[in-house]
Amino acid sequence: MLASLQTPARPLVRHRLVVGCLLGLMVACGLHRVNAETAVQYPVDVAVASDGTVYVADLNLPGIWRIRDGKREIYFQADKKFRTPLNRVRCVAVDPQNRLLAGDSSTWEVYRFDESAQPQPLAKGKIGKPMGIAVAADGTIYVSDLEVHRIWKLAENGPPQEIVALAAPIGIAVDSQSRLWVVSRGKHQLRRVAADGKVEVVVSGQPFAFPHDVCLTADGSAVVSDGYGKCLWRITPNGKPEKWVSSPQFDNPVGLAFHQGKVYVADSRAKMVFVVDEKGNVSRLWEK
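What you see is a predicted model, and the numbers here were worked out from it, not measured in a lab.

J.: Would you explain the side chain of Thr-236 in this entry?
T.: Looking at where Thr-236 falls in the secondary structure, it is placed in the loop between strand E19 (231-235) and strand E20 (241-246). Owing to a relative accessible area of 17%, Thr-236 belongs among the buried residues under this scheme. If we skip the residues at most four places from it in the chain, Thr-236 touches Ser-221 and Glu-242.

Shown next, in the form of structure tokens:
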């Protein structure tokens, strides 16, 4: 009788031992919650305001960092609870009024931050997986949706409006002619969408190993980040892709932004934002 009463307790003891070991391993491997004021964890996108303020979307923080005057601080700390705003922040952008925009796959939403640094929903929960945001000079907001393979335009009042259906759209940018440049993981990896919705192939086939984002430079060229290739590609106005920057500092270059002649590169595995000048020189935005 005594043995039979003691037997059920053994699995519980083993369970507690396993849980204790796992928790210890998590702490040893750095998987516990880190000091968010000092550690960038998994930067996936970057945006730069006209005054040079840099915003970084950190998927695992989760939240958004702000870097200005050489100082890094948390701009918005999201909750760890799923289905709360920016729990899975994927992309950021800045509109012509220097207001920050951020896309979140956990709430199917795109947010615009108000003067109190609080996110206000714009898409009414209708964006499945926002992977890129582009803002035209007139303030029109475009969003790539990887879940439903669509590019949306956000209306000030009302649901998002479909612009075009494209296979696996990721990063997007908008040029001075209101054309959308779209990085895709479909058949053709870089396309351009005219204001009337007509789709043009810019780079045919799949020359990039694993593209993530696109930004446009002052001379009309496009730059594409390649995570697997650990490099940046430059696409000249005639549509020819050329490998532009390969750096040992790159580990997984993903999100891009262009500001005053420089390309800003969010690298998720390097846990860093790099700055690339016109000559292809790579520097860190901050020191670890």
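Structure's up, so let's keep going.
J.: Sorry, what's going on with the packing of aromatic side chains here?
T.: Where two aromatic rings form a pair, the distance of their centres and the angle of their planes describe that pair. Tallied over the full model, the rule gives 6 aromatic pairs. Taking the centre distance of 5.3 Å and the plane angle of 75 degrees together, the rings of Tyr-55 and Tyr-75 count as edge-to-face. Of the two residues, Tyr-55 sits in strand E2 (residues 54-58) while Tyr-75 sits in strand E4 (residues 71-77), which places them 20 residues apart along the sequence. Tyr-55 sits in the buried class, given a relative accessible area of 8%. Here the aromatic cluster, defined as three or more aromatic residues joined through ring pairs, consists of Tyr-55, Tyr-75, Phe-76 and Phe-113. Sitting over the face of the ring of Trp-181, Arg-192 holds its NZ or CZ atom 4.7 Å from the ring centroid.

J.: Explain the environment of Gln-249 to me, please; I cannot follow it from the model alone.
T.: Mapped onto the secondary structure, Gln-249 falls in the loop between E20 and strand E21 (253-259). Note on Gln-249: relative accessible area 29%, which makes it partly exposed. With 23 residues separating them in the primary sequence, Gln-249 and Met-272 have C-alpha atoms 9.5 Å apart. Leave out the neighbours within four places in its chain, and Gln-249 touches Asp-267, Ala-270, Phe-274, Val-282 and Arg-284. A distance of 3.4 Å separates a polar side-chain atom of Gln-249 from the backbone oxygen of Val-282.

J.: Would you explain the sheet that holds strand E13 (residues 169-174) in this entry?
T.: Strand pairs in the sheet, formed through backbone hydrogen bonds, run parallel or antiparallel to each other. Read from one edge to the other, the open sheet built from 4 strands follows the order E13-E14-E15-E16, with strand pairing classed as antiparallel. Whereas interior strands pair on both sides, the edge strands pair on one side only; in this sheet they are E13 and strand E16 (199-203). For this sheet the average axis-to-axis angle between neighbouring strands, irrespective of direction, equals 30 degrees.

J.: For this particular structure, what's the right way to read the pattern of salt bridges?
T.: For side chains bearing opposite charge, pairing can occur when the charged atoms are close. For the coordinates displayed, the defined rule picks out 8 salt bridges. Between Arg-66 and Glu-73 there is a salt bridge; the shortest N-O distance is 2.7 Å. Of the residues examined, Glu-73 reaches a relative accessible area of 32% and is grouped as partly exposed. The residue Asp-251 makes a salt bridge to Arg-269 at a minimum N-O spacing of 3.4 Å. Here Asp-251, found in the loop between E20 and E21, pairs with Arg-269, found in the loop between strand E22 (262-267) and strand E23 (272-276); they are 18 residues apart in sequence, far enough to count as distant. Taking relative accessible area as the criterion, Asp-251 reaches 27% and is therefore assigned partly exposed.

J.: Any chance you could explain the sheet that holds E19 here in plain terms?
T.: Overall, antiparallel pairing links the 4 strands, which are arranged E17-E18-E19-E20 in an open sheet. Every interior strand has two partners, whereas the edge strands, strand E17 (211-216) and E20, have only one. Taken pair by pair, the neighbouring strands of this sheet meet at an average axis angle of 25 degrees, ignoring direction. In this sheet, E19 lies alongside strand E18 (residues 222-226) in antiparallel orientation, the contact comprising 5 bridges. Bridging from a neighbouring strand, Ala-222 pairs with Ile-235 of E19.

How each quantity is defined
Residues numbered from 1 in each chain as written. Predicted model: local features only at pLDDT ≥ 70, side-chain atom pairs only at ≥ 80, totals over all residues. Heavy atoms only, no water. Helix = DSSP H or I, 4+ residues; strand = E, 2+ residues; numbered from the N terminus. Buried < 20%, exposed > 50% of the residue type's maximum accessible area, 1.4 Å probe, protein only. Contact = heavy atoms within 4.5 Å. Phe/Tyr/Trp six-rings, centres within 6.5 Å; stacked < 30°, edge-to-face > 60°. Lys NZ or Arg CZ within 6 Å of the ring centre and 35° of its normal. Polar contact = N/O pair within 3.5 Å; in protein donor to acceptor, adjacent residues only side chain to side chain. Pairing = 2+ DSSP bridges. Axes fitted to C-alpha atoms, helices over the stretch in contact; angles between N-to-C directions. Salt bridge = Lys/Arg side-chain N within 4 Å of Asp/Glu carboxyl O.

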